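Observations on the model geometry
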Amino acid sequence: MKSDGEWMDTLKFGPDGLIPAVVQDFSTGRVLTVAYMNRESLDISLREGRTCFYSRSRRTLWRKGETSGNTQRIARITADCDGDALLVEVLPAGPACHTGAESCFFRPLWSDDTAQRFSMDDLYALLKGRRDTPREGSYTSYLFAKGKEKILKKVGEECTETIIGAMKDSREETVYEIADLAYHVLVLMVEMGLTPDDIRRELASRHVVDHKVKQETMR
């Protein structure tokens, strides 16, 4: 792999000395913001391992989180095919947007109603909305109204039904019950203030430990 100086020389900074940087959550793939870097801010980012940008409005360097504490540890930087834009994948410690939102991209303008997408994060956000703004006739709102004890009871029931489905060697039934279990676990997470990122970080930490163990056993 090329040294920092060598690959930085392959980048095409604009006439203003800047290159756009698309900042993406390394764990979730969500686009957090678009900022700009010059050679100095990119060099600082590489040396410190945290994002440093160039503010076009203030005409000065700024380290993400220097006042808010919402820093971004860099996991990976990739240049596009022309070398005139960067994808900066980060592990964020707090919201990316100055409004307090996780991502700067939260203002939907247009969408194709026929396009469908599912993610655990979207479902989690929907469940959180059902808690914060209860909807009449909503099963999710009903669970939150009943409280943690009811939610835990349902998690236990779905665990049992998942086991039964698996013991019967029924793939269809097991998939159905696991989906029910996942849904109720997400409801529990919302109730307890846990987020999908909390679980991802825990799983990622276990993956790192396993990787180290594998390295030790190979020696």
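Cut-offs applied
- Residues numbered from 1 in each chain as written.
- Predicted model: local features only at pLDDT ≥ 70, side-chain atom pairs only at ≥ 80, totals over all residues.
- Heavy atoms only, no water.
- UniProt positions renumbered as here; feature names shortened; annotations may be inferred.
- Helix = DSSP H or I, 4+ residues; strand = E, 2+ residues; numbered from the N terminus.
- Rg over C-alpha atoms; globule rule 2.2 N^0.38 Å.
- Buried < 20%, exposed > 50% of the residue type's maximum accessible area, 1.4 Å probe, protein only.
- Contact = heavy atoms within 4.5 Å.
- Areas by Shrake-Rupley, 256 points an atom, 1.4 Å probe, with all protein chains shown as cover.
- Lys, Arg positive; Asp, Glu negative; His and termini not counted.
- Charge placed at Lys NZ, Arg CZ, Asp CG, Glu CD.
- Pairing = 2+ DSSP bridges.
- Axes fitted to C-alpha atoms, helices over the stretch in contact; angles between N-to-C directions.
- Parallel < 35°, antiparallel > 145°, perpendicular 65-115°, else oblique.
- Left-handed = near helix turned anticlockwise from the far one by under 90°.

Within an unreviewed UniProt entry, the label attached to the protein reads Histidine biosynthesis bifunctional protein HisIE, and the organism entered is Candidatus Avichristensenella intestinipullorum. In the Subcellular location (unreviewed entry) part of its UniProt record, the protein is described as follows: "Cytoplasm".

1. Here's the deal with the overall build of the protein
If you tally the helices and strands in the protein, you get seven helices and six strands. For 219 residues, the compact-globule estimate of 2.2 N^0.38 gives 17 Å, and the C-alpha radius of gyration of the protein, at 22 Å, exceeds that figure by more than 25%. Taking the principal axes of its C-alpha atoms as reference, the protein extends roughly 60 × 55 × 35 Å. Per-residue burial for the protein yields a buried fraction of 29% across its 219 residues. A separation of at least 24 residues holds for 48% of the contacts in the protein among residues at least 6 apart in sequence. Carbon and sulfur atoms provide 54% of the accessible area of the protein, an area that totals close to 14,900 Å². Of the charged side chains in the protein, 32 are positive and 35 negative; the average position of the first set lies 4 Å away from that of the second.

2. Remarks on the pairing of strand β5 (residues 72–79)
Across seven bridges, the pairing between β5 and strand β6 (residues 86–92) is antiparallel. Opposite T78, over in β6, you have L87 as the bridge partner.

3. Digging into the packing of helix α5 (residues 148–167) against helix α6 (residues 171–192)
Where α5 meets α6, the closest approach of the two axes is 8 Å, and the angle between their N-to-C directions is 160°. As summarised for this structure, α5 and α6 are arranged roughly antiparallel, according to the angle between their axes. Along this stretch, α5 crosses α6, giving a crossing that reads as left-handed. Facing K148, I151, L152, K154, V155, E158, C159, E161, T162, I164, G165 and A166 of α5, the residues of α6 in contact are E173, T174, E177, I178, D180, L181, H184, V185, V187, L188, E191 and M192.

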